[in-house]
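# What the coordinates show
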Amino acid sequence: MKRVVILIRVKTFLEEVKSGSIDTDKFVSDVKASSSSMQEKYAPFITLNEGFGKATPQKGALQYLPVSVKDCLCTEGIRTTAGSKILETYVPNFDATAVAKVKAAGGMILGKTAQDEFGFGTFSTNCAYQVPKNPYDPERTCGGSSGGAGCATAAADFPHIAIAESTGGSITAPAAFTGTVGLTPTYGRVSRYGLIDYSNSMDKVGVISKEVYDSALMLSVIAGHDPLDSTSHNKGSEDFTKYIGKDVKGMKIGVPKEYFSSIDSNVKKLVEDAIAKLEGQEAEISEISLPSTKYAIAAYYIIAMGEASTNLAKYCGMRYGKQDKISGEFSEYFSSIRSSGFGEEAKRRIILGTYMRAAGFRDAYYIKALKVRSLLIKEFKAAFKGVDAIATPSMPMLPPRFDEIAKLSPLEIYNMDKMTTAPNLCGFPTISIPVGTSQGLPVGMQLIADHFMEGRLISLAAAAEVIK
Amino acid sequence: MQRVAFMYKKVIKICNPKCNHMVDFQKVDKGMLSRICSNAKLNLTSSEEERFVSEMGEILTAFRELESVDTKDVQPAYHATEIRNIWRDDKVKKKSVDIKKNTEALENGYIIGPKLV
């Protein structure tokens, strides 16, 4: 008799699909029912795919696996808003390369996950649609900006992997706050074709999943050079699951002292315990210093806002997205559409980015920040000569409540990104893994490696992983 | 430089590109915010104006901490990794798609836009 019960690990599920022991019709209808109820409870989706499971998926590594996609990645025939009202009606007629690869491997697109508008946020509270709620405590944030991806992964009672995206920590933050695994690849490892851009020199398509194995599997599917993305690196993909179970004995892990001050003491303890667990497996731990990382938040936000202000210039009420009856002269019409279509944080970043790129200010802000990025890359590269990876907390605190977030100023929120901005700014791969709970809330540890060293991160993360 | 003077008449000093340290900037006021919004094609409500003027001052002051970093002889990193252009043949490979599928204002197959001049 074929199995219909679905609460099993991704690896087991895919093996059982292959062996023919899963009743796939029943599975599809169970997943639809479960995701609708999950949506009512936690709101992880902006759009659920009405066509989910209607066509028989292609044979491949992900056959019949439900995959959710962050709403900033284009999906053919499924509305794609990037979390913004200005794209409320946009239905792409093509798939982003990462989505096309998932489909070609047999994955089934479950829906488009909630996010801060265009990725502008740390807590998924700058949403033009519903704000996703943390399955550990619905009064608390899922983290941002890929909050829906973290929420769906934590709440799903069926095998599932989320395609997410990070610019300055948008995979690590939700992974930490929802007790999931978040893999942010090296910049250029995964094609950005079809990704609605926020900051084109930092945007990275990645994965959020329940286990390290799932992230490694999905990276194997979506990585690789793409002629449609000129910033995609000329590297093929590989089977990243082969790094799981590798001996971490003798691997060197640097612990930067700057990342362990002014953080929640419960977070600190759990991360130190996880590092001790790796030491127990004979990894070599040493304290290091990364003094320039104190400038990472400023450098990151200057570059991100500068690039965002140009990337968002294309939304003007013509061709696609929010449109109105064409009237008046162009400046009046464009301003009217943009002012009603963009949310508050989008406006703030466009204004700041426009200011910092303007003649007279460009050298002082934008070019200065690019130079600081050079110094940060140099500092990390020097550290990687002595260590294989760097371990830090993923976020400096436990997931805050929505009423606490509402009291924070924009600058205070930007400062919450202090763990994640430096590696994202420098394009280094990171992985966030759950390392336990405090007061019933999850805590994550972030591991950072040199460019294209995702395999190393996967080995270490799997060794430290606590499988629920 | 004429353009700078035109756009930001109230700026007391501007940064010398050869200088590694930021110089004084005038506090962001409503006039400057209005000029930025005009460039960025945004209309703000009066409450948004009040809030943004105050927040921008606080945010830009914080960002100016980069002043203290010595970046003499440092090249800007436009990308985090070394990227080399990879050429491909200029051949049509993909099926054609209806690029006007999401467009509401069309006339005789052309996209209609607002008046320019």
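Summary of the structure given here. (Residues numbered from 1 in each chain as written. Chains lettered and ligands numbered in written order. Predicted model: local features only at pLDDT ≥ 70, side-chain atom pairs only at ≥ 80, totals over all residues. Heavy atoms only, no water.)

Residue and element names in this part refer to chain A. In total, this model carries 19 aromatic pairs over all chains according to the counting rule given. When the ring of F118 is compared with that of F120, the centres are 6.0 Å apart and the planes differ by 40°; the resulting orientation is tilted. Accessibility classification places F118 together with F120 in one group, the buried group. Aromatic side chains Y301 and Y414 sit 4.3 Å apart centroid to centroid with 25° between the ring planes, which places their arrangement in the stacked category. Note that Y301 is positioned in helix α8 (residues 296-311) and Y414 in helix α13 (residues 410-415), a separation of 113 residues in sequence. Among the residues examined, Y301 registers a relative accessible area of 1% and is labelled buried. Ring pairing ties together the aromatic residues Y90, F118, F120, Y198, Y315, Y320 and F342, which thus form one cluster. Taking the ring centre of Y213 as reference, the NZ or CZ of K11 above it sits at 5.3 Å. Seen from the ring of F452, K235 lies directly overhead, with NZ or CZ sitting 4.7 Å from the centre. (Phe/Tyr/Trp six-rings, centres within 6.5 Å; stacked < 30°, edge-to-face > 60°. Buried < 20%, exposed > 50% of the residue type's maximum accessible area, 1.4 Å probe, protein only. Helix = DSSP H or I, 4+ residues; strand = E, 2+ residues; numbered from the N terminus. Lys NZ or Arg CZ within 6 Å of the ring centre and 35° of its normal.)

We now examine the sheet that holds strand β11 (residues 441-448) of chain A. Sheet strands pair by backbone hydrogen bonding; their relative direction is either parallel or antiparallel. Residues and elements named next belong to chain A. Taken in spatial order, the 11 strands of this open sheet run β1-β3-β2-β4-β6-β5-β10-β11-β9-β7-β8, and their pairing is mixed. Two strands close off the open sheet at either side, each with one partner strand: β1 (45-48) and β8 (284-288). Between one strand and the next, the sheet's axes are offset by a mean angle of 30°, whatever the strand orientation. Where strand β10 (residues 430-438) lies against β11, 8 bridges are found, and the strand directions are antiparallel. In the sheet register, I431 faces β11, and the bridge partner there is L447. (Pairing = 2+ DSSP bridges. Axes fitted to C-alpha atoms, helices over the stretch in contact; angles between N-to-C directions.)

Below, the discussion takes up the nonpolar core. All names here are of chain A. If you look at the biggest cluster of nonpolar residues, it comprises 164 residues, and the most contacted ones within it are F118, M218, I222, Y355, F380 and M445. The dominant element in this core, judged by the number of residues it contributes, is helix α11 (residues 363-384), at 12 residues. Residues within four places of M445 in sequence aside, it is in contact with V271, A274, I275, L278, A391, T392, S394, I431, S432, I433, V435 and A464. (Core = buried A, V, L, I, M, F, W, Y, C linked by side-chain atoms within 4.5 Å. Contact = heavy atoms within 4.5 Å.)

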